[in-house]
Amino acid sequence: MLPRIIRTLLIIAILAAAAVLAFTLLRGQEGLVSTLSSVIHGQHAEEKLRALITPTRMHLLQAMLGFVMLAMMMAYRASDRIAASISSVWHDATALFRAAWRTAATGPGKWLLVLPAAVTFFAMLNIPVNFDEALTYFDFTTRGPLVSLTYYPYPNNHVLHSLLTNFSRYLPFPALVDMRVIPFLVTVLTNFLCLHLMTRLYGSRTAWVITAISSVLFFSLYYGYMSRGYHLISWWFLLCFYAAERIARGDAGDRHRTAFIIASIGGFFTVPSFLYPFLTLCLYMVLRRPASFVTVFRMGIRT
């Protein structure tokens, strides 16, 4: 069943990429700029898009579309292996969360996880809207996934978060709560998972101290409800850190290396400045265990 779904999705994606490529070849730069500006409806959107989509970048876009189509065709042929990998990742993820639940439920200070969740929940409902939240809402949330993925007028646009709000806005809550519900849920899950992963690395007592401190820091509480992408950065960094530590210790399996690669992709998809923690963790692995890092690097290239 899963391989059939993957093949269907790949066929749709290949046809979509082919349609976009054909459109850019037939309509050219002006046609693309005109179409995107009519979708975005932003102030001075056409001028910004024309400055962004230069003829050189237009050719680069066409080359990238051709490369993406070729990659998806290759993925179509390997759909059975891709389906097996997805099933394996799903199995590992569900097992991880079950184990995390047992760690939290049987721990000595489980109520410490409730305090930051209660504070961020109260703030989510009562703190007035922030300027960056309003900007995200009007520039991305209300304009659909295409705009969130393709329109980048500000250096700190948090692409993955903006994309998620395109869907959370349809929840049956006030608009501000719809914007903030994803940061709240991800922050609760991050604290929850932090306890379990730190227990695996450093033991129960140290894990509780780390989680108790990190969960009530200003950064964690503020961005635990604020509709920005920093909650996702914390989530991806936690996964990257755990995987990097296991790799550096030399006791990592393929699932840890895969987790590091996937979490790194998620971090970069959220905010490009994820480069800084990513390079820090890569340097740490190189210094601790160079051979293991080379293995991760090769897997990343294949991915």
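Look a little higher up for the structure.
Residues numbered from 1 in each chain as written. Predicted model: local features only at pLDDT ≥ 70, side-chain atom pairs only at ≥ 80, totals over all residues. Heavy atoms only, no water.

Engineer: Would you explain the environment of S204 in this entry?
Structural biologist: Structurally, the position occupied by S204 is in helix 10 (residues 204-214). Distance in space between the C-alpha atoms of S204 and T103 is 8.8 Å, their sequence separation being 101 residues. (Helix = DSSP H or I, 4+ residues; strand = E, 2+ residues; numbered from the N terminus.)

Engineer: What should I look at first to understand the side chain of H158 in this one?
Structural biologist: Tracing the sequence through the fold places H158 in the loop between helix 7 (145-150) and helix 8 (159-168). The exposure class assigned to H158 is buried, which follows from its relative accessible area of 1%. Within polar-contact distance, the side chain of H158 engages the backbone nitrogen of G229 at 2.6 Å. If we skip the residues at most four places from it in the chain, H158 touches R228, G229, Y230, T270 and V271. (Buried < 20%, exposed > 50% of the residue type's maximum accessible area, 1.4 Å probe, protein only. Polar contact = N/O pair within 3.5 Å; in protein donor to acceptor, adjacent residues only side chain to side chain. Contact = heavy atoms within 4.5 Å.)

Engineer: In this structure, what is going on with helix 6 (residues 131-139)? I would like to understand it.
Structural biologist: One turn of the α-helix equals 3.6 residues, which is why residues spaced by three or four share an orientation. Along helix 6, the residues that are buried comprise E133, T136 and D139. The buried residues of helix 6 all sit within an arc of 150° when viewed along its axis, so they share a single face. Opposite the buried face of helix 6, by more than 90 degrees, sit the exposed residues F131 and F138. Buried residues along helix 6 sit in contact with helix 7, helix 8 and helix 9 (175-202). Its side-chain oxygen 2.7 Å from the backbone nitrogen of D132, N130 forms the N-cap of helix 6. (Arc of directions from axis to C-beta.)

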